Amino acid sequence: MEVMRPTLIRIGGRIYRKNHIQEKAHQHEEEEEAFYAGLGDGADEPCDAFVIEETERGYRCAFDVPSPLYKYIIGKKGETKKRLEMDTRTSISIPKPGAEGEIVITGQHRNGVISARTRIDVLVESFRKKQPFTHFLSFALNQPVIQEKFLQFKKEVLEKCSNDCGVSSSLFQNPAKLHMTIGTLVLLNEQEIQKAQELLQKCKEEFADAIAGGKPLTVEVAGIEYMNDDPAMMDILYAKVTMKDGSNQLQLIADRLMDRFVTSGLMLKEWDRVKLHATVMNTLFRKDPNADEQSNTTIGKFFKGRESFDGRNIMKDFWQWCRFI
């Protein structure tokens, strides 16, 4: 039951349980109402943030929005779009669903066009945060020696703990996919994917190579820990990742990457620092071997139907064993 497995939220280093509240009917429409209630009349909208073209008939602003987000601008039966147009005295042209293209705002008054653009940006950002992630930024930890040690760990856990509640081979990560996640991304079209690729290359050139001193970093994957607060009802077990020489180079690179991607708008900031870890067991893998760990903003959606496992004996017998170099 969801009420027995509430979402866990980390605040200031502590873990809190988020009590389940049954969603009301028409919640999507209610969210839109609340959104509009806080927008104001647009009188104080920034005037220099957008490119506004002057035309023979007034003013025009064209910009890209990923097609999966069109529906939030259009609204139920077109009501959201109609309200935007009425409130700002503009006309808003949106590409057909599934077709990538520019949204075009036209109007006789510059402030009205700016207000409409600002409201659409806020609306899009609000609903973007509610989308499940599509990509994640990570460091691969799938070198042959690590895979070999991981498979040894899996073999010994199954030999000693297979009778423990929920423990089975389906929980384990694919050795070829072992990785350390920096953060999750919502990239909704090819343009956003390209933007992320270009930003990653810039990060490498501007600071990652310099922090690493132009040399490969040698890490140690050692020790295991679990995500939730009850070892008898685990959903995720992970291995800790540190620099073998005790330096903080890896942490610096990971944190700088997160900051740059958050600043770009491609990633939501969930923690002050990146948690250096590699997931080794995850209950999501029971139903989908290709699944990956979820971000804090989406993991609550997946608790329903997850079968936890009792990891107390794993922690007792292997807490210091899991040493992959």
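Going by the structure above, here's the rest.
Figured I'd write up the structure that's included with this text. (Residues numbered from 1 in each chain as written. Predicted model: local features only at pLDDT ≥ 70, side-chain atom pairs only at ≥ 80, totals over all residues. Heavy atoms only, no water.)

## Details of the overall build of the chain
Here comes step 1: In terms of regular secondary structure, the chain is built from eight helices and eleven strands.
Here comes step 2: Restricting to contacts in the chain with at least 6 residues of sequence separation, those with at least 24 account for 74%.
Here comes step 3: Total accessible area on the chain is roughly 18400 Å²; 50% of this is exposed by carbon and sulfur atoms. (Helix = DSSP H or I, 4+ residues; strand = E, 2+ residues; numbered from the N terminus. Contact = heavy atoms within 4.5 Å. Areas by Shrake-Rupley, 256 points an atom, 1.4 Å probe, with all protein chains shown as cover.)

## Comments concerning the sheet that holds strand E3 (residues 53-55)
Here comes step 1: With respect to topology, four strands assemble into an open sheet ordered E3-E4-E6-E5, the strand pairing being antiparallel. Here the strands that pair on one side only, and so sit at the sheet edges, are E3 and strand E5 (90-93). Ignoring strand direction, the axes of neighbouring strands in this sheet form an average angle of 25 degrees.
Here comes step 2: Both E5 and strand E6 (residues 102-107) contribute to a ladder of four bridges, which runs antiparallel. Across the sheet, Ile-92 pairs through a bridge with Ile-105, a residue of E6.
Here comes step 3: In the packing of helix H4 (residues 110-128) onto the sheet, contacts are made with strand E4 (58-64), E5 and E6, and the angle to E4 comes to roughly 20 degrees. (Pairing = 2+ DSSP bridges. Axes fitted to C-alpha atoms, helices over the stretch in contact; angles between N-to-C directions.)

## Some words on the pattern of salt bridges
Here comes step 1: Scanning the entire structure with this criterion turns up 13 salt bridges.
Here comes step 2: For Arg-260, the salt bridge is made with Glu-206, and the minimal N-O distance between the two is 2.9 Å. Linking Arg-260 in helix H7 (residues 249-264) with Glu-206 in helix H6 (residues 190-212), this pair joins segments that are 54 residues apart in sequence.
Here comes step 3: Take Arg-260: its relative accessible area is 26%, and that puts it in the partly exposed class. (Salt bridge = Lys/Arg side-chain N within 4 Å of Asp/Glu carboxyl O. Buried < 20%, exposed > 50% of the residue type's maximum accessible area, 1.4 Å probe, protein only.)

## Topic: helix H5 (residues 144-161)
Here comes step 1: Here H5 is 18 residues long and its end C-alpha atoms lie 25 Å apart, about the 26 Å a rise of 1.5 Å per residue gives.
Here comes step 2: Residues of H5 that are buried include every one of Ile-146, Phe-150, Phe-153, Val-157 and Cys-161, and no others. Projected down its long axis, H5 carries its buried residues within an arc of 60 degrees, all on one side. Residues of H5 that are exposed and point more than 90 degrees away from the buried face comprise Pro-144, Glu-148, Lys-155 and Glu-159.
Here comes step 3: In this structure, the buried residues of H5 make contact with strand E10 (236-243), strand E11 (277-282) and helix H8 (312-318). (Expected span 1.5 Å × (residues − 1). Arc of directions from axis to C-beta.)

## Remarks on the sheet that holds E11
Where strands meet in a sheet, backbone hydrogen bonds hold them as pairs that are either parallel or antiparallel.
Here comes step 1: The three strands are arranged E9-E10-E11 in an open sheet whose pairing can be described as antiparallel. With one partner strand each, in any of the chains shown, strand E9 (219-226) and E11 form the two edges of the open sheet. Ignoring strand direction, the axes of neighbouring strands in this sheet form an average angle of 25 degrees.

## Examining the environment of Lys-269
Here comes step 1: By the secondary structure assignment, Lys-269 is in the loop between H7 and E11.
Here comes step 2: In this structure Lys-269 comes out as partly exposed when scored by relative accessible area, which is 47%.
Here comes step 3: Taking the C-alpha atoms as reference, Lys-269 lies 7.9 Å from Asp-259; in sequence the two are ten residues apart.

## Notes on unusual backbone geometry
Here comes step 1: Located in the positive-phi region is Lys-77, a residue other than glycine, with phi close to 55 degrees.
Here comes step 2: Looking at the element boundaries, Lys-77 is found in the loop between helix H2 (70-74) and helix H3 (79-88).
Here comes step 3: Residue classification places Lys-77 among the exposed positions, given a relative accessible area of 72%.
Here comes step 4: The residue Arg-89 is not glycine, and still its phi comes out positive at about 55 degrees.
Here comes step 5: Mapped onto the secondary structure, Arg-89 falls in the loop between H3 and E5.
Here comes step 6: Overall, the relative accessible area of 70% leaves Arg-89 in the exposed class.

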